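Descriptive structure summary
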Amino acid sequence: MNTTAYAYNAWYPLAWSRDIARTLVTRRVLEEDLVVFRNEDGTVAALEDACPHRLAPLSLGTLRGDAVECGYHGLTFDCSGQCVHAPGMARPPASFQVRSYPTAESMGMVWVWMGKPALADRSQVFHLREYDDPGYSVVEGDALDVQANYLNLADNLCDPTHVVFVHKTTLASASGQETRVEHERQGNKVVTWRWVLDGPLIPVFEGLKNFGGNVDRWHYYHYHAPSVAVIDFGSAKTGTGAPEGKRDDCIQMYACHFITPVDQRSCVQHWLVLKNSPSDPAIDARLRANLRLAFDEDKRVLEAIQRNEDKPRQWRRIPLGIDGSSIKMRRIVQEMAATDE
Amino acid sequence: MNTTAYAYNAWYPLAWSRDIARTLVTRRVLEEDLVVFRNEDGTVAALEDACPHRLAPLSLGTLRGDAVECGYHGLTFDCSGQCVHAPGMARPPASFQVRSYPTAESMGMVWVWMGKPALADRSQVFHLREYDDPGYSVVEGDALDVQANYLNLADNLCDPTHVVFVHKTTLASASGQETRVEHERQGNKVVTWRWVLDGPLIPVFEGLKNFGGNVDRWHYYHYHAPSVAVIDFGSAKTGTGAPEGKRDDCIQMYACHFITPVDQRSCVQHWLVLKNSPSDPAIDARLRANLRLAFDEDKRVLEAIQRNEDKPRQWRRIPLGIDGSSIKMRRIVQEMAATDE
Amino acid sequence: MNTTAYAYNAWYPLAWSRDIARTLVTRRVLEEDLVVFRNEDGTVAALEDACPHRLAPLSLGTLRGDAVECGYHGLTFDCSGQCVHAPGMARPPASFQVRSYPTAESMGMVWVWMGKPALADRSQVFHLREYDDPGYSVVEGDALDVQANYLNLADNLCDPTHVVFVHKTTLASASGQETRVEHERQGNKVVTWRWVLDGPLIPVFEGLKNFGGNVDRWHYYHYHAPSVAVIDFGSAKTGTGAPEGKRDDCIQMYACHFITPVDQRSCVQHWLVLKNSPSDPAIDARLRANLRLAFDEDKRVLEAIQRNEDKPRQWRRIPLGIDGSSIKMRRIVQEMAATDE
């Protein structure tokens, strides 16, 4: 099995904000188990999910105010991880503690900082400007458990060329012609893009807008290492100047993927979509269902790849030009992981 | 993963006597697989469950008299483990044998000796005097599969302090106050005890006796290493002298736990209760159900702890004063295991 | 765990011919995963089931003519394993290829050559003359997944002595007497045989022919290393000279077992029976069901043995005279595996 180094000093998506309340829930991130709850002031606490006495998961215990009481012997840890009660002790020593992880909220998600707490800067949590733009509506998706290394999912999210093969009935147009892909590294981000000119509308866009003819289609895959992808994709009537930058009358979406690396062979893929049209229960439900279908198509391929990678054998591999952006993306993650040392 | 050394020269609970008859059943003890059956004279035979020819489990074969015929080629082993028939041989050589394990019966259980047969002394099999006392009735429980190292269960059975946190609705009183725990090593036994004075009756005692007021409650945890726990617990009306040794009018129970270590991460917990009141189908059924509920509460915590212990990481641990008796218990087991060498 | 070396330069049963058509199916042989399909000319293609670009299984892709298009990025491999299309390339280099395995068909099965392609000689694929004899009818069985090393199944198919213990109600006669077993190596084949004279008909033969009395029964186990067994078994009326070679009026069957070694602890057992009586839907269905019952009896024992072999311990083993033929069979396989080097 191959292993990839984790970049610890980074904000990772932890959970949908809607799923974190005044109860104890668990999440696993970078092979660490966390107990997560919302404090009385609405902030989110994330603690190591093991009482250091006997290793009972704190998540089996009880939330008392902003502290967790262990369900085995009642040791109690506040939201900073400090033990504030231990049986038979008037006052537990300062060394009695569990690790506490900095958290933040942005775009309907709770984010967690897995590295050195002193380096956690909440202003760096990922946020997309359009999320606050009243011209956009949000379609929140779900959280797919993907049994694959998160970087294999990241490869997929740096790669427009798989669409026509994996997403025949959802995201690809009927024409399916091959067009040139470009990419570029920008700081800790890789952008990969492709245009498909003068083609039919793709299936998931049907019914959103009637252009009365062929469209020009763009796909800009922004991969923010280590684990956020934003796919800027849309269509405008052919001949109205979209390739030159005019998107005045268009279907515009941003598919945001927030990936939680769980361990070397699994991750959670949270996704939401921003679209430049108002919320509409029927349209949004159909869009959500279609995108879920598409992401399940990826999941099926990625999990099969993971099973092959896990086989105890040497594979002969061949490189392709389309790998350029994912090679850059993985290099950024390696750099981030190396900086952690 | 941590591993603990087994003490082989000891009697271990193997099965309820009621479950061993004239058929072949299997049990796993200290990572060894046994085929078990009752001989025609009522004694119990326990043999290694693998025919040494091709390793077919003997338990797939046929019981013939006091011998087992292998279900693959008919090699036959008597209850001493000697091969008495092999295909194509007039008389199998003396070296054709499987291991036979000494057994005994006590307290409705079959016990097995996993060490050197010459050291097996049936007078040392565990037996509680009250089991034969007509003033007591027996409520036999069941056999819980606990996916945890047996010493983690043993920790639990040396420890009165977990009760108020794990067994809120069954074994703990509503008051839940913290009281001092004492413990003492006595030979290969550790006794741990605690008194709770002038408190309400605990839930599982309700309906057994009406004291018309508060009670004094005792808990004496007798852990006989390596794998028998007897919890002497009861209640008497406050002010009638129970703490000074008078238990004339009281509810008295002995919860007996007979633990079979299966392997490093699982064990079987057989349990029964002796109580100083007559058998009563309705009361006994309710008591059995409530205790089962309580032991399932322990099981849930112990299995979660085991999963944490199995994770490939270093844990920071903190010691507490309440660990004293379990530390002594584990030391006794280590001494017994070391003596085996 | 023990491991056995594979003989690569050999024809192995891959699938029933009836199961290979113009769709992509997968098979696992000697720990290698293959995608299998029928070409337009009716021949069978077997390719390594992993696209060397990202390791997506080709079996998730699409069959186009006699080529497979990968379901991730559209790389296309023809039935010789050569890449004939890759995204962004006018013409993929000759080094872009997956392994292709020679195949053949015989006796209703597809066979595959797992070793050096240059050594594959289709004239060496196993074929039984009686398969083409109009005096015989074929009863095709199924494909049992056996969770055991294929050589343990091979042991079983070199061994007439287990029948009376494992197949009491199917293949053994009521008398069950012990008779002498003979064996002999012939090239890369081991033949093991036994006669049971003047006994009752065995259960699976009942209703096929009425001899009006006792029969002489023969069993010749032909094991063609590494993975084909043909059991020539039948019965003729006692006193009509069968032991001397006269089989004029008899029930004659050939049970053919074609074993696919999947990995060190599993294999697939394809079986069919040739019998010297015409096809008859009712009789054939009953025979098929009874034999399936018998082979499931073996499967149960073999899987239990495998579980014992997998346990991390040293077993004391005893050898028997009846092991002679399986020892010879395993030696042949070792020789074949050593020759592969």
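Each value, and the rule that gives it
- Residues numbered from 1 in each chain as written.
- Chains lettered and ligands numbered in written order.
- Predicted model: local features only at pLDDT ≥ 70, side-chain atom pairs only at ≥ 80, totals over all residues.
- Heavy atoms only, no water.
- Helix = DSSP H or I, 4+ residues; strand = E, 2+ residues; numbered from the N terminus.
- Buried < 20%, exposed > 50% of the residue type's maximum accessible area, 1.4 Å probe, protein only.
- Contact = heavy atoms within 4.5 Å.
- Areas by Shrake-Rupley, 256 points an atom, 1.4 Å probe, with all protein chains shown as cover.
- Lys, Arg positive; Asp, Glu negative; His and termini not counted.
- Charge placed at Lys NZ, Arg CZ, Asp CG, Glu CD.
- Polar contact = N/O pair within 3.5 Å; in protein donor to acceptor, adjacent residues only side chain to side chain.
- Buried area = accessible area lost by both parts, 1.4 Å probe.
- Salt bridge = Lys/Arg side-chain N within 4 Å of Asp/Glu carboxyl O.
- Nonpolar A, V, L, I, M, F, W, Y, C, P; charged D, E, K, R; others polar.
- Pairing = 2+ DSSP bridges.
- Least-squares fit on C-alpha atoms with pLDDT ≥ 70 in both.
- Domains from an automatic or database assignment.
- Axes fitted to C-alpha atoms, helices over the stretch in contact; angles between N-to-C directions.
- pLDDT = per-residue confidence, 0-100.
- Phe/Tyr/Trp six-rings, centres within 6.5 Å; stacked < 30°, edge-to-face > 60°.
- Lys NZ or Arg CZ within 6 Å of the ring centre and 35° of its normal.

**Here's the deal with the overall build of chain A**
Scanning chain A from N- to C-terminus turns up 4 helices and 18 strands. For chain A, the spread of C-alpha atoms along the principal axes amounts to about 75 × 50 × 30 Å. Evaluated residue by residue, chain A yields a buried proportion of 57% over its 341 residues. A separation threshold of at least 6 residues defines the contact pool for chain A, and within that pool the share at least 24 residues apart is 60%. In the form shown here, chain A has an accessible surface area of approximately 13,900 Å², with 50% of it arising from carbon and sulfur atoms. Chain A carries 37 positive and 44 negative side-chain charges, and their two centres are separated by 4 Å.

**Notes on the side chain of C:Thr161**
Relative to the helices and strands, C:Thr161 is located in the loop between helix H1 (150-156) and helix H2 (163-166). Among the polar contacts listed, one links the side chain of C:Thr161 to the side chain of C:Asp159, at a separation of 2.5 Å.

**Side note on the interface of chain B and chain C**
On the side of chain C, 28 residues touch chain B, which itself brings 29 residues to the contact. For the pair chain B and chain C, the two sides together bury roughly 2,500 Å², of which 57% comes from carbon and sulfur. Looking only at chain B, the three residues that lose the most surface to chain C are B:Arg54, B:Leu55 and B:Tyr72, adding up to 30% of its buried area. Here chain B is connected to chain C by 4 salt bridges. Between C:Arg313 and B:Glu48 there is a salt bridge, and its shortest N-O distance comes to 3.1 Å. Our count for the contact surface shared by chain B and chain C stands at 11 residue pairs in polar contact (both at pLDDT 80 or more). Of the residues in the side of chain B that touches chain C, the class split is 14 nonpolar, 7 polar and 8 charged.

**A closer look at the interface of chain A and chain C**
On the side of chain C, 29 residues touch chain A, which itself brings 28 residues to the contact. Summing both sides of the interface, chain A and chain C together bury roughly 2,500 Å²; the carbon and sulfur share of this comes to 57%. Inspection of the region where chain A meets chain C yields 4 salt bridges. In this structure, the salt-bridge partner of C:Arg54 is A:Asp323, at a minimum N-O distance of 3.1 Å. Seen at the junction of chain A and chain C, the total is 11 residue pairs in polar contact (both at pLDDT 80 or more). Contributing elements (two or more residues each) for the side of chain A that touches chain C: helix H1 (150-156), helix H2 (163-166) and helix H3 (281-310) of chain A. With 7 residues, H3(A) is the largest single contributor of residues to the side of chain A that touches chain C. Residue composition of the side of chain A that touches chain C, by class: 11 nonpolar, 6 polar and 11 charged.

**So, the pairing of strand S14 (residues 215-224) of chain B**
All names here are of chain B. With 9 of 10 residues buried, S14 lies mostly within the body of the structure. Where strand S13 (residues 189-199) meets S14, 9 bridges bridge the pair, whose relative direction is antiparallel. Residue pairing for S14: Val191 is matched across the bridge by His222. Connecting the antiparallel pair S14 and strand S15 (residues 228-237) is a turn made up of 3 residues.

**Structural notes on the relation of the copies chain B and chain C**
Its rotation angle being 120°, the transformation that places chain B on chain C also includes 0.0 Å of axial translation and leaves an RMSD of 0.0 Å. Such a combination of rotation and displacement between the chain copies is what one expects of a three-fold axis.

**Some points on the pattern of salt bridges**
Applying the stated criterion across every chain, the model contains 66 salt bridges over all chains. With a closest N to O distance of 3.0 Å, B:Lys299 and B:Glu303 form a salt bridge. A residue pair is termed a helical-turn pair when its members lie 3 or 4 positions apart in one helix, as B:Lys299 and B:Glu303 do in helix H3 (residues 281-310) at 4 residues. Using a relative accessible area of 14% as the deciding quantity, one classes B:Glu303 as buried. A salt bridge links C:Asp66 to C:Arg22; the shortest N-O distance between them is 3.5 Å. Of this pair, C:Asp66 sits in the loop between strand S5 (62-64) and strand S6 (67-69) while C:Arg22 is found in the loop between strand S1 (11-16) and strand S2 (25-29), placing the two residues 44 residues apart along the sequence. You can call C:Arg22 partly exposed: its relative accessible area is 36%. One connected set of salt bridges, linked through shared partners, spans A:Arg22, A:Glu40 and A:Asp66.

**Thoughts on the domain arrangement of chain A**
Residues and elements named next belong to chain A. Domain boundaries in chain A define domain 1 (11-123) and domain 2 (129-311 + 321-340). Every contact between the two is made by 16 residues of domain 1 and, on the other side, 20 residues of domain 2. Each partner contributes to the roughly 1,400 Å² buried at the junction of domain 1 and domain 2, and carbon and sulfur atoms together form 62% of this total. Where domain 1 packs against domain 2, one counts 1 salt bridge. For the side of domain 1 that touches domain 2, the secondary-structure elements that each account for two or more residues are strand S1 (11-16), strand S2 (25-29) and strand S11 (109-113). Tallying contributions element by element places S1 first for the side of domain 1 that touches domain 2, with 6 residues. Among the residues making up the side of domain 1 that touches domain 2, the classes are represented as 11 nonpolar, 1 polar and 4 charged.

**A short note on the sheet that holds strand S11 (residues 109-113) of chain C**
Residues and elements named next belong to chain C. Across the sheet, which stays open at both edges, the 3 strands sit in the order S1-S11-S10 with antiparallel pairing between neighbours. Since the sheet does not close on itself, it has two edges, and those belong to S1 and strand S10 (103-106), each with one partner. Within the sheet, the average angular offset between the axes of one strand and its neighbour, ignoring direction, is 35°. The pairing of S10 with S11 spans 4 bridges and is antiparallel. Residue pairing across strands places Thr103 opposite Val112, the latter belonging to S11.

**Some details on the sheet that holds strand S13 (residues 181-186) of chain A**
Residues and elements named next belong to chain A. The sheet built from 7 strands is open, its strands ordered S12-S18-S17-S16-S15-S14-S13 with antiparallel pairing. Two strands in the sheet have a free side with no partner beyond their single neighbour: strand S12 (137-146) and S13. Geometrically, the sheet is characterised by an average inter-axis angle of 15° between neighbouring strands, direction not taken into account. Inspection of the sheet shows strand S17 (residues 250-263) paired to strand S18 (residues 266-275) by 10 bridges, in the antiparallel sense. If you follow Ile259 over to S18, its bridge partner there is Gln269.

**A few points about the confidence of the model for chain A**
Of all residues in chain A, 97% attain a pLDDT of 70 or more, and the chain-wide mean is 94. For this predicted complex, the interface confidence comes out at an ipTM of 0.93, alongside a pTM of 0.93.

**Side note on the environment of A:Ala120**
Residues and elements named next belong to chain A. Summarising the element assignment, Ala120 is placed in the loop between S11 and S12. Sequence-wise, Ala120 and Thr103 are 17 residues apart; in three dimensions their C-alpha atoms are separated by 8.8 Å. Each residue touching Ala120, except ones within four places of it in the same chain, is listed here: Trp11, Pro102 and Trp113.

**Looking at unusual backbone geometry**
With an omega of 5°, the peptide bond running from A:Ala225 to A:Pro226 counts as cis. Position of A:Pro226 relative to the elements: it lies in the loop between strand S15 (215-224) and strand S16 (228-237).

**Some points on the packing of aromatic side chains**
Going through the model one piece at a time under the given rule, you end up with 30 aromatic pairs over all chains. Sitting over the face of the ring of A:Trp16, A:Arg18 holds its NZ or CZ atom 4.5 Å from the ring centroid. Positioned above the aromatic ring of C:Trp315, the side-chain terminus of C:Arg313 is 3.9 Å from the ring centre.

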